[in-house]
Amino acid sequence: MKAYKFTAFEPTGELILEETWEYENDEEAKQKGEAVIGEKGFANKTHRLVNSSGKLVLFHV
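What you see is a predicted model; the values in this text were computed from it and never measured. (Residues numbered from 1 in each chain as written. Predicted model: local features only at pLDDT ≥ 70, side-chain atom pairs only at ≥ 80, totals over all residues. Heavy atoms only, no water.)

Trainee: Outline the sheet that holds strand S3 (residues 46-51), listing residues and values.
Mentor: Pairing within the open sheet is antiparallel, and its 4 strands lie in the order S2-S1-S3-S4. Either end of the sheet is taken by a strand with one partner, and the two such strands are strand S2 (15-23) and strand S4 (56-60). The average angle at which neighbouring strand axes cross in this sheet is 10°, direction not considered. As paired strands, strand S1 (residues 2-9) and S3 are joined by 6 bridges and run antiparallel to one another. By the bridge assignment, Lys5 is partnered in S3 with Val50. (Pairing = 2+ DSSP bridges. Helix = DSSP H or I, 4+ residues; strand = E, 2+ residues; numbered from the N terminus. Axes fitted to C-alpha atoms, helices over the stretch in contact; angles between N-to-C directions.)

Rendered as structure tokens:
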């Protein structure tokens, strides 16, 4: 499993949430990450999910 960092922000730039999630690879992170983001209610907030080397996997403004 690989670590992925999720962060969500208010329009002002204020950090709402920062968590580390674990997935097997970037494709799984993208698919399952989108589902978790929706469940947590951050789908319409600015958010990003990056892998441990800093590659952007998901981004929404």
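Trainee: Provide a residue-level description of the pairing of S3, including the pertinent values.
Mentor: The side chains of a regular strand alternate between both faces of the sheet. The pairing of S3 with S4 spans 4 bridges and is classified as antiparallel. Its bridge partner lying in S4, His47 is registered against His60. Counted between consecutive antiparallel strands, the loop separating S3 from S4 contains 4 residues, among which Gly54 sits at a positive phi close to 90°.

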